[in-house]
Amino acid sequence: RQILVLHGPNLNLLGVREPQHYGATTLAEINQRLVEQACLHGVTCDTFQSNAEAALIERVHATLHDGTDFIIINPAAYTHTSIALRDAISAVKIPFIEVHLSNVHAREPFRHHSYFSDLAVGVICGLGPLGYELALEYALHHNQTIAA
Ligand code: DQA
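Rules behind the numbers
- Residues numbered from 1 in each chain as written.
- Predicted model: local features only at pLDDT ≥ 70, side-chain atom pairs only at ≥ 80, totals over all residues.
- UniProt positions renumbered as here; feature names shortened; annotations may be inferred.
- Pairing = 2+ DSSP bridges.
- Helix = DSSP H or I, 4+ residues; strand = E, 2+ residues; numbered from the N terminus.
- Axes fitted to C-alpha atoms, helices over the stretch in contact; angles between N-to-C directions.
- Core = buried A, V, L, I, M, F, W, Y, C linked by C-beta atoms within 7 Å.
- Buried ≥ 20, exposed ≤ 12 C-beta atoms within 10 Å, placed from the backbone.
- Contact = placed C-beta atoms within 7 Å.
- Arc of directions from axis to C-beta.

An unreviewed UniProt entry lists the protein under the name 3-dehydroquinate dehydratase, with Parachitinimonas caeni as the source organism. Quoted verbatim from the Catalytic activity (unreviewed entry) field of the UniProt record, the comment on the protein reads "3-dehydroquinate = 3-dehydroshikimate + H2O".

### Here's the deal with the sheet that holds strand β4 (residues 96-100)
The parallel open sheet is built from 5 strands, whose spatial order is β2-β1-β3-β4-β5. Each of the sheet's edge strands pairs with one partner strand only, and the pair in question is β2 (44-49) and β5 (122-125). Averaged over all neighbouring strand pairs, the angle between strand axes comes to 15 degrees, with direction disregarded. For strand β3 (residues 70-74) and β4, the ladder comprises 3 bridges, and the chain directions are parallel. Residue pairing across strands places Ile73 opposite Glu98, the latter belonging to β4.

### Digging into the nonpolar core
Formed by 35 residues in total, the largest nonpolar core has its most connected members in Ile3, Val5, Ile71, Ile72, Tyr132, Ala135 and Leu136. Of all elements in the fold, only β1 (2-7), α2 (27-40), α3 (53-62), β3, α4 (83-92), β4, β5 and α5 (130-141) reach the threshold of two or more residues within this core. Leave out the neighbours within four places in its chain, and Leu136 touches Ile3, Leu34, Gln37, Ala38 and Ile72.

### Overview of α4
When α4 is considered as a whole, its buried residues turn out to be Leu85, Arg86 and Ile89. Along the axis of α4, the buried positions cluster into a sector of 105 degrees, meaning they face one direction only. Exposed residues on α4 whose side chains face more than 90 degrees from its buried face are Ile83, Asp87 and Ala91. The first or second residue beyond α4 is Lys93, which carries a positive phi of 55 degrees.

### Concerning α3
Among all positions in α3, only Leu56, Ile57 and Val60 are buried. Down the axis of α3, the smallest arc covering the buried residues is 100 degrees, so these residues share one side. Of the exposed residues in α3, those oriented more than 90 degrees away from the buried face are Ala54 and Ala55. Elements that come into contact with the buried residues of α3 comprise β1 and α4.

What follows is the structure, encoded as structure tokens:
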């Protein structure tokens, strides 16, 4: 079992960036919790952040050969813009949960549309870093959604 956690642009600034929307927890802290939580269940958890669309797309492509069977993704601003990243995640056919720290529906209208939600197993938003942990919890306990 292997789970990939993908973080889109600007999420490397978590803890510093607009804490009223994104909280005080850093990306390193979020990732560490996820890796530990997965490890307790004997599951490998790889994490990857990039500010570059191409790098995110290439990391998604790599899941075709690296044993990933579930993806947790916060595409950040690419949520609202990237048909290319959507096409990549659609192409690899690995089930995924879309996570947003903030409640995108309570913010500007341009954040209300996602290029990912209709393909996702589920979407979590507005719960801060806990959203990632709940997504991982789901991935760990709902094996029937995991591709063979
Ligand atoms: C975000 C919401 C997006 O609208 C925004 O562009 C982000 C972060 C979130 O986690 O709340 O960068 O995905």
